[in-house]
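Here are the chains, one letter per residue:
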Amino acid sequence: AKWAPAEYRYGLDEYIRYVAYFMEGAMGRMGPGVEQICMIWSMAGWTSEMMKPIAVRCASQLLYIWQNMYPERIGAIFLCNVAQLFQGYFFRILRPWMSHRFLSRIHFIGSNPSTTLLTHIDPSQLPSHIGFTYIGGAHEEYAVPWRPVPDELDAFIADLGGPDCLPSASEGLNAITMPCSTEIKGDVSSTHTGDIDLLMGKTQTVEVLMFENTLAIDWFFSGDVHGVVFGYKVCSQGILGQRTHKEGAADAKDNSCSPGSAGCISGALDLAGHKWAGCKLQLTLYNSYSRSDCKTLAYSVGIEAK
């Protein structure tokens, strides 16, 4: 069923109870050694109706609950069939409310998610479809829970054959980690997330390859940005070496003067009117100060393409 927050009879309180109901139900199904939850969301059918004030309030509460009431319980969130309306607008509203650790656990996997999902999740645990997208799983459709949490868990455990039959953690069920590529293709509208490890006195670069249909690129780095120097440039490789077409810098937005404070680095680049097909956008960060040998920043790079 489509998400319809405007139809909640009891407003925001109803949604908070809804989130707690599903989180408690998921945690009650964990076997020995299992500590985190993997979620798969189909974002097909996202409309402007889902971006009204009540929806924004629900989303902010969802992020607050996940990050404060259930810290470290979210292992991975796979977003499938993401509409441009969500990715290009609504997700940008939500990003400042996400910690860099939480942001790195969100994975946009496009309109053909089967390859990624089947790499990390056993086909026997996946249904045949996510939304209207066929992924090839062998599990029957999961029933939507409706009874009180204790009753749901009792029925679930009874169907398995008892509490000793709950699946336990194994190497195949460890926390999901996605490859953190520093090179991104800009030919498809998408959002790329991941982590960057910045060693003291070293640089790291995220590169975006531009195509003729690339319209705009935005970036967002979050975490302990105190002492991080950032710069970007659009460049191309020619016979005489690298040519720079545009470059710029940005100051990190620190929440306080303490080295351990969290902040962000963000910006955007509009490609309208520029002939930069084949060029690369290089987003470079330099760690000039850190009390530790290495600091980790989460990044989110959004691509808008025709």
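Along each chain, residue indices are assigned from 1 in the same order as the chain's sequence is written. Given that the model is predicted, a residue must reach a pLDDT of at least 70 before its local features are reported, and side-chain atom pairs must reach 80 or more before they are shown or counted; all residues, however, enter totals for whole chains, interfaces and linings. Heavy atoms from the whole structure form the basis of all side-chain values; hydrogens and water molecules are not counted.

Caption draft 1: Representation of the packing of helix α1 (residues 12–28) against helix α2 (residues 53–69) in the model. With axes taken as lines fitted to C-alpha atoms, and helix axes fitted only over the stretch in contact, angles between N-to-C directions fall between 0 and 180 degrees. By definition, any uninterrupted DSSP run of H or I lasting at least four residues is a helix, any uninterrupted run of E lasting at least two residues is a strand, and each is numbered from the N terminus. Contact pair α1 / α2: the axes reach a minimum separation of 10 Å and the direction vectors enclose 35°. The way α1 lies across α2 gives a crossing that is right-handed. Residues Leu 12, Tyr 15, Ile 16, Val 19 and Met 23 of α1 touch α2, and the partners they reach there are Ile 54, Arg 57, Cys 58, Gln 61, Leu 62, Ile 65 and Trp 66. Looking at side-chain class alone, the contact of α1 with α2 contains 10 nonpolar, 1 polar and 1 charged residues. Helix crossings fall into two classes, left-handed where the near helix is turned counterclockwise from the far one by less than a right angle and right-handed where it is turned clockwise. By the convention used here, residues are in contact when the closest approach between their heavy atoms is within 4.5 Å. Side-chain classes are defined by residue name, with Ala, Val, Leu, Ile, Met, Phe, Trp, Tyr, Cys and Pro counting as nonpolar, Asp, Glu, Lys and Arg as charged, and the others, Gly among them, as polar.

Caption draft 2: Examining the packing of aromatic side chains more closely. Side-chain rings of Phe, Tyr and Trp (the six-membered ring for Trp) are treated as a pair once their centres are within 6.5 Å; stacked means planes under 30 degrees apart, edge-to-face means over 60, and tilted covers the remaining angles. Inspection of the entire model under this criterion finds 17 aromatic pairs. An angle of 50° between the planes, with centres 5.8 Å apart, marks the rings of Phe 221 and Phe 230 as tilted. In this structure, Phe 221 and Phe 230 share a single accessibility class: buried. With 6.4 Å between their ring centres and 50° between their planes, Phe 221 and Tyr 299 make a pair best called tilted. In this pair, Phe 221 is assigned in strand β9 (residues 214–223) and Tyr 299 in strand β15 (residues 294–305), connecting sequence segments 78 residues apart. Each member of the pair, Phe 221 together with Tyr 299, is buried. Site record: aromatic cluster; members linked through ring pairs are Trp 3, Tyr 8, Tyr 15, Tyr 18, Tyr 21, Phe 22, Trp 46, Phe 86, Phe 90, Phe 91 and Phe 108. The rule is short: NZ of Lys or CZ of Arg within 6 Å of the ring centre and within 35 degrees of the ring normal puts a charge over the ring. Here the guanidinium or amino end of Arg 29 rests over the ring plane of Phe 156, the centre of that ring lying 5.0 Å away. Exposure is judged per residue with a 1.4 Å probe applied to protein chains only, and the accessible area is read against the type maximum: over 50% gives exposed, under 20% gives buried, and values in between give partly exposed.

Caption draft 3: Here's a closer look at the pattern of salt bridges. Within this document, salt bridges are pairs made up of a side-chain nitrogen of Lys or Arg and a carboxyl oxygen of Asp or Glu, the two lying within 4 Å of each other. Summed over all chains, the structure comprises 10 salt bridges. Between Arg 95 and Asp 218 there is a salt bridge, with the nearest N and O atoms lying 3.2 Å from each other. Of this pair, Arg 95 sits in the loop between α3 (84–94) and α4 (100–103) while Asp 218 sits in strand β9; the two residues are 123 residues apart in sequence, bridging distant segments of the chain. Overall, the relative accessible area of 7% leaves Arg 95 in the buried class. What makes Asp 218 buried here is its relative accessible area of 7%. The residue Lys 280 makes a salt bridge to Glu 207 at a minimum N-O spacing of 3.2 Å. A residue pair is termed long-range when its members are at least 10 positions apart, and Lys 280 in strand β14 (residues 280–287) and Glu 207 in strand β8 (residues 203–209) qualify at 73 residues. Residues participating in the shared-partner salt-bridge network are Arg 29, Arg 147 and Glu 152.

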